[in-house]
Amino acid sequence: AVCLGALPSIGGSFICTAVGYVTKATGNATCFFKILLAYYLSSGLAIGLGNSKDAGFDAQFSTRKTYRFRIYVPVAMLIVLLPLAGRLTARLPEEPTVEMVLLLCLCVAGVGFFCGVLVVTGTVIVGSLRYQSRDCLVLSWIGVACAGLACIVAQWVTGFGPLAAPGEVHAFFDCGAFLSALCLAICTALDLSGEWEQAFDRTAEEEEPLQVVAPWECRAIWSPAIQGGNAAITVFLFPLLPLVHCQSLATTLVLWKLFMDFVGPVLMLCWRCPWPFAGTAALISTRVALLAAVLYLIPRSDDFRIPLILAWNLLMLCGSVLTCAMDRLLEGSSAQPAAPETLAAAVAADKADVSVVEGNGDDGDAKPPLTWLSRVRANRLAHQLGIVVGLVSAGIVVYPAAGNGGVVQATELRCRGLPTCAAPSAALAGTQHWPCGGGGGGSGATVGGAGGSHDSVRIFHYGANMGCAKLEALGIYPLAATPARAAGFRLSFGSAPGFPTSAQEPAFGGLQTCGDGGCVHGVVHELTRRDLATLSATEPGYTLGELPDVAAYHGEPLRGVLAYLPAGAWVAEAPSRRYAGLVWCQANASLSSGYSRQLACELAGLGIAGLSCAEERFQPLAVQSQSFLGVFRRSAGRT
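Residues numbered from 1 in each chain as written. Predicted model: local features only at pLDDT ≥ 70, side-chain atom pairs only at ≥ 80, totals over all residues. Heavy atoms only, no water.

Peer 1: Where do I start with the pairing of strand β4 (residues 456-461) in this structure?
Peer 2: Along any regular strand the residues' side chains alternate between the sheet's two faces. Of all six residues in β4, six are buried, a share of seventy percent or more. Of the two faces of β4, the one carrying S456, R458 and F460 and the one carrying V457, I459 and H461 are both buried. As paired elements, β4 and strand β8 (residues 519-528) share six bridges and run antiparallel to each other. Residue pairing for β8: I459 is matched across the bridge by H525. (Buried < 20%, exposed > 50% of the residue type's maximum accessible area, 1.4 Å probe, protein only. Helix = DSSP H or I, 4+ residues; strand = E, 2+ residues; numbered from the N terminus. Pairing = 2+ DSSP bridges.)

Given below as structure tokens:
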């Protein structure tokens, strides 16, 4: 049961885990929905076809041949398609074209279809064992959770992530194919040992075709309805995770969900009594209340991190228990399974039970009796349809918050939970000439003037360039510096095409537009055009753009101020501790205390806290490397 539960879940686990890599590679959040919808729609199609079109196929072949074919062929196709999906995924950073995304979606749809076939087949085989163990379906859900945890282990072993190299992407998906082959080997061993012969015989003795009656004609129509609604709630929340203030917290929530998928079935294994209807009502009510709490806390996760994790865990635990409970309810009131020698009597009782509900058979229009396996398959189909409904509903919610061709403006969403604009510091107001040395005796142009020198430009620095360490390492000595703030923008951490990111430096600073009167603080440096060219060579992935509303701390507006802006689609990401500490320490020394507190709050939401400027040495990369320009030029093409 565990093996048959894990088999169809391996493909989905590995495909879903790759969503972060695909989003970062393409810079387009809509790929999240395209790939997941391709997977779950094709999987639902396979389950629907298995429930409606395979009765004729079953009548022509023996039960053993039928179910062996429905296990070995789909798994063999998964072993081929998963590595192919890995190769296509690894090519996305180089070819993020519509055609490449379409090819990937077609490959993922194939994976989803064969996983759906395995869902139907596994349900029938595991269900035929219910007379030996009433826990067979609960154990199959544990198998589903095992697939997710195996995916996490594979991710850790291969180093797969949003910044993974092509070889790491290949290795990750190859692990998925290996796990599928491993489960197939276990199934083959069970088959050769004769364990499955008994299950096949029981399936044949029940005379159970793959479809007896449509799912919506089930006598317990509320059971598949609850199963589908439960799945929709769970999946609905995952596309909303970009609203969380940091990716590390989002990853934590996903890992907790996988753990709750284990806890729920284990609790059901310990519950030896028939599942009460009152328990279902209590779980539904609790889950609805927790859903409202999680939706309220997600955009406020910076201030309510622990309450969000607790509410999320309880929500996922209730969902996991409810999923198993809907299957256990189908057992009726029998507390103990029938012995193997009373199988025929148990099957007859099962069918007689539903015959009383469906009719006595005298009516010429009476429908065939609905058996236990049909009700289980109705639950599985409703579960799959609920996933699709949840994804579509989440897309409807998230898409209005998307712009630039589908790129979610996570920075804009984060601004809602933070102070709009910190007040400037009067003590820091004014212009400092030659702030990094270099001579000149104060004869340089002043920033507060109308236009400054004809041979100089004003640059608004908001990250590592605010301090002198990097500039001095490059041989750049600003003519003047003044603290200022730019209205309508906020500092965000992330990456864009062309950024020199790596596993050690996954993100850098960038300006993103922000409503609600928000602003970003920084230092306006006046540089010569020659120094500007030198500095721009170290800023791959950025483009110079003019900021429309910049004011010095003493209130005077500054015109013609440029800033380095991300040149491509922005993907929010937590920075390294080195870069975060460098930016915060420079802000703490040069800008207002209100802004440094705001920045510290933002970094804490990203999982970076306890920064110490005195005890930790946050050095710019220019200081760490003597060949700074060469390093950046070599790494500029990395994504």
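Peer 1: Which parts of the structure should I look at to understand the state of the cysteines?
Peer 2: Note: disulfide means a covalent bond formed between the sulfur atoms of two cysteine side chains. One pass over the full model with this rule turns up two disulfides. There is a disulfide in this structure between C421 and C519, and the S-S distance comes to 1.8 Å. Its S-S torsion of about 90° marks the bond between C421 and C519 as right-handed, since a negative value means left-handed. With C421 in the loop between α16 (410-415) and β3 (432-433) and C519 in strand β8, this pair connects stretches of sequence that are 98 residues apart. For C436, the disulfide goes to C468, at an S-S distance of 2.0 Å. Taking the sign of the torsion about the S-S bond as the criterion, the disulfide between C436 and C468, at about -80°, is left-handed. Within this pair, whereas C436 is found in the loop between β3 and β4, its partner C468 is found in helix α17 (residues 468-473), the two being separated by 32 residues in sequence. Assessed through its relative accessible area of 7%, C436 is described here as buried. C3 takes part in no disulfide bond, and the closest cysteine sulfur, belonging to C187, lies 3.5 Å away. (Disulfide = S-S within 2.5 Å.)

Peer 1: Mind showing me how you'd approach the pattern of salt bridges here?
Peer 2: Oppositely charged side chains can form a pair if their charged atoms are brought close together. Counted by the stated rule, this structure contains four salt bridges. The shortest N-O distance in the salt bridge between R87 and D174 comes to 2.8 Å. Remark: D174 occurs in helix α8 (residues 166-192) and R87 occurs in helix α5 (residues 63-90); sequence separation between them is 87 residues. By relative accessible area, which is 30% here, D174 ends up partly exposed. (Salt bridge = Lys/Arg side-chain N within 4 Å of Asp/Glu carboxyl O.)

Peer 1: Can you help me understand the environment of S42 in this one?
Peer 2: Note that S42 resides in helix α3 (residues 30-52). As a C-alpha pair, S42 and A109 span 67 residues in sequence and 5.4 Å in three-dimensional space. Not counting residues within four places of it along the chain, the set of residues in contact with S42 comprises L37, V108, A109, G112 and F113. A polar atom in the side chain of S42 sits 2.8 Å from the backbone oxygen of A38. (Contact = heavy atoms within 4.5 Å. Polar contact = N/O pair within 3.5 Å; in protein donor to acceptor, adjacent residues only side chain to side chain.)

Peer 1: Please clarify how the packing of helix α7 (residues 136-158) against α8 should be interpreted in this entry.
Peer 2: In a packed pair of helices, the relevant descriptors are the angle between the two axes and the axis-to-axis distance. Between α7 and α8, the least distance of the axes is 9 Å, while the angle of their chain directions is 145°. In this structure, α7 crosses over α8, and the sense of that crossing is right-handed. The residues of α8 that touch α7, namely those facing A150, C151, A154, Q155 and T158, are E168, A171, F172, C175 and L179. Among the residues forming the contact of α7 with α8, the class breakdown is seven nonpolar, two polar and one charged. (Axes fitted to C-alpha atoms, helices over the stretch in contact; angles between N-to-C directions. Left-handed = near helix turned anticlockwise from the far one by under 90°. Nonpolar A, V, L, I, M, F, W, Y, C, P; charged D, E, K, R; others polar.)

Peer 1: How should the sheet that holds strand β7 (residues 508-513) be read in this particular structure?
Peer 2: Sheets are built from strands paired through backbone hydrogen bonds, the pairs being either parallel or antiparallel. One open sheet accounts for three strands, arranged β7-β6-β13; its pairing is antiparallel. The sheet is open, and its two edges are formed by β7 and β13 (571-572), each paired on a single side. With six bridges joining them, strand β6 (residues 489-495) and β7 adopt antiparallel strand pairing. Each residue of the ladder has a partner; that of G494, found in β7, is F508.

Peer 1: Can you help me understand the packing of aromatic side chains in this one?
Peer 2: The description of two aromatic rings rests on the distance between their centres and on the angle between their planes. Throughout the structure, instances matching the rule amount to 13 aromatic pairs. Centre to centre, the rings of F113 and F114 are 5.7 Å apart; their planes meet at 85°, and the pair counts as edge-to-face. (Phe/Tyr/Trp six-rings, centres within 6.5 Å; stacked < 30°, edge-to-face > 60°.)

Peer 1: Explanation requested: helix α10 (residues 222-237) in the structure shown.
Peer 2: Because each turn of an α-helix spans 3.6 residues, side chains separated by three or four positions end up pointing in the same direction. For α10, which comprises 16 residues, the first-to-last C-alpha distance of 23 Å matches the rise-based estimate of 22 Å (1.5 Å per residue) to within 8%. Taking burial as the measure, the 16 residues of α10 include 12 buried ones, the bulk of the element. Among all positions in α10, only S223, P224, I226, Q227, G228, N230, A231, A232, T234, V235, F236 and L237 are buried. (Expected span 1.5 Å × (residues − 1).)

Peer 1: I keep staring at the packing of helix α1 (residues 2-17) against α7 and nothing clicks. Help me out?
Peer 2: The interhelical angle for the contact between α1 and α7, taken along N-to-C directions, is 40°, at an axis separation of 7 Å. On the basis of their axis angle, the class for α1 and α7 is oblique. Of the two elements, α1 crosses α7, and the hand of that crossing is right-handed. Two secondary-structure elements touch here, α1 through V2, G5, A6, S9, I10, S13, F14 and T17 and α7 through L139, S140, G143, V144, C146, A147, G148, C151, A154 and Q155. Residue classes in the contact of α1 with α7 are distributed as 10 nonpolar, eight polar and no charged. (Parallel < 35°, antiparallel > 145°, perpendicular 65-115°, else oblique.)

Peer 1: Got a minute to help me understand the nonpolar core in this structure?
Peer 2: Of all hydrophobic cores here, the largest spans 59 residues; its most connected members are L104 and F173. It is helix α6 (residues 98-127) that provides the largest number of residues to this core, a total of 13 residues. Among residues more than four places away in sequence, those in contact with L104 are V22, I35, A85, L88, T89 and L92. (Core = buried A, V, L, I, M, F, W, Y, C linked by side-chain atoms within 4.5 Å.)

Peer 1: Teacher, can you tell me more about the pairing of strand β12 (residues 561-566) here?
Peer 2: Where burial is concerned, most of β12 is hidden: five out of the six residues are buried. Bridge analysis of strand β9 (residues 542-546) against β12 gives five bridges, and the strand direction is antiparallel. Along β12, the bridge assignment pairs Y542 with P566.

Peer 1: Looking at this structure, how should I read the confidence of the model for the protein chain?
Peer 2: Caution is warranted with low-pLDDT regions, since their predicted coordinates should not be read in detail. The predicted model of the protein chain has a mean per-residue pLDDT of 75, with 70% of residues at 70 or higher. Under a pLDDT of 50 for its full length, residues 205-219 has, in the predicted model, 51 contacts with residues more than four places off or in other chains. Taken as a whole, residues 401-417 scores under 50 in pLDDT and shows 42 contacts with residues more than four places along the chain or in a different chain. (pLDDT = per-residue confidence, 0-100.)

Peer 1: I would appreciate a short explanation of the side chain of S13 in the present structure.
Peer 2: One can find S13 in helix α1. Residue S13 is classed as buried on the basis of its relative accessible area, which comes to 15%. A distance of 2.9 Å separates a polar atom in the side chain of S13 from the backbone oxygen of S9.

Peer 1: Can you help me understand the environment of P166 in this one?
Peer 2: Its location among the elements puts P166 in helix α8. Residues P166 and G86 lie 80 residues apart in sequence; the distance between their C-alpha atoms is 8.8 Å.

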